[in-house]
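Remarks on the overall topology
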Amino acid sequence: WRYAAVAGKRAEMAFANVEAAGLYTRAVEAGRRLPDVPRKDLAATYIRLGDSWYRASEFGKASGAYGVARRLNVDHDRLIESELLLKQSRVEEKLGQYPKALRWASRARTAIEGIASPEALRQVSQISAWYCMVMQQTGKVEDAVRWAKRTIAEAKASGDQDALGSAYIVQA
């Protein structure tokens, strides 16, 4: 469990995404058999596994890993749930499933409604930026611009420069 996870992280840092995914797979297989591995740690490794598959353009495998991580989110951490839903949205977009991508993004936003932490505010601006970019890709320019304006306000409030930049690109 431990050594496969460490090796996966090192492979990930070397941009060896398929190798990292293989090592993370080994880690989660071992971790599922060990009773003392916290589910939270196992879920985090599934997220890394999904990220590795995503970067390797194995979107179906990434989706599967993100789904398992969501089921392991036993504490029902809404911020983690939102992050995983946004990752699922990105997978659907890569597969050309824009309506599904928008639905997953909406679910990600709903998951963190009412949370006022700086992390949640940043996550909201990231979701909005992603949403307006997908809207633009679907050809819904007016809706994309409307969402971009909303994103700009949220990004400024949260100090999220990445979301702000994405919104300005859509607005241009």
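Report on the accompanying structure. (Residues numbered from 1 in each chain as written. Predicted model: local features only at pLDDT ≥ 70, side-chain atom pairs only at ≥ 80, totals over all residues. Heavy atoms only, no water.)

1. What about helix α4 (residues 59–72)?
Rule in force here: Secondary structure counts use DSSP, requiring at least four H or I residues in a row for a helix and at least two E residues in a row for a strand, with both numbered from the N terminus. Expected helix span is given by 1.5 Å per residue-to-residue step, counting one fewer step than there are residues. Here, two residues are considered to be in contact whenever any of their heavy atoms come within 4.5 Å of each other.
Between its terminal C-alpha atoms α4 stretches 20 Å, which fits the 20 Å expected from 14 residues at 1.5 Å a residue. If you follow the buried residues of α4, they end up packed against α2 (17–33), α3 (39–55) and α5 (78–94).

2. Some thoughts on the nonpolar core
Put simply, the rule is: Take the buried Ala, Val, Leu, Ile, Met, Phe, Trp, Tyr and Cys residues and link them wherever side-chain atoms come within 4.5 Å; each set so joined is a nonpolar core. With a 1.4 Å probe rolled over the protein chains alone, any residue whose accessible area is under 20% of its type maximum counts as buried; one over 50% counts as exposed, and the rest are partly exposed.
Counting 26 residues, the largest nonpolar core has Ile127 and Tyr131 as its most contacted members. Elements with a contribution of two residues or more to this core: α5, α6 (98–111), α7 (118–137), α8 (141–158) and α9 (161–171). For this core, the element with the highest residue contribution is α7, accounting for 8 residues.

3. Thoughts on the pattern of salt bridges
Heads up, the condition is: Salt bridges are defined as contacts in which a side-chain nitrogen from Lys or Arg sits within 4 Å of a carboxyl oxygen from Asp or Glu.
Across all of its chains, the model carries 7 salt bridges by this definition. Put simply, Arg150 and Glu154 hold a salt bridge, and the shortest N to O gap is 3.5 Å. Of this pair, Arg150 and Glu154 both sit in helix α8, 4 residues apart, which is roughly one turn of the helix. Beyond isolated ion pairs, a larger network of salt bridges with shared partners links Arg109, Arg150 and Glu154.

4. Details of the packing of α7 against α8
Note the threshold: Here, axes are lines fitted to C-alpha atoms. For helices the fit covers the stretch in contact, and angles between N-to-C directions go from 0 to 180 degrees. For classification purposes, angles smaller than 35 degrees are called roughly parallel, those larger than 145 roughly antiparallel, those between 65 and 115 roughly perpendicular, and all remaining angles oblique. Crossing handedness is defined as follows: a turn of the near helix away from the far one that is anticlockwise and smaller than a right angle gives a left-handed crossing, while the clockwise case is right-handed. Under the scheme applied here, ten amino acids are nonpolar (Ala, Val, Leu, Ile, Met, Phe, Trp, Tyr, Cys and Pro), four are charged (Asp, Glu, Lys and Arg), and all others, including Gly, are polar.
Across the interface, α7 lies against α8 with an axial gap of 8 Å and an inter-helix angle of 160°. Comparing the axis directions of α7 and α8 gives the class roughly antiparallel. Crossing angle aside, the handedness with which α7 passes α8 is left-handed. Note on element contacts: α8 touches α7 through Asp143, Ala144, Trp147, Ala148, Thr151, Glu154, Ala155 and Ser158, opposite Leu121, Arg122, Val124, Ser125, Ser128, Ala129, Tyr131, Cys132, Met135 and Gln136. For the contact of α7 with α8, the per-class residue count stands at 10 nonpolar, 5 polar and 3 charged.

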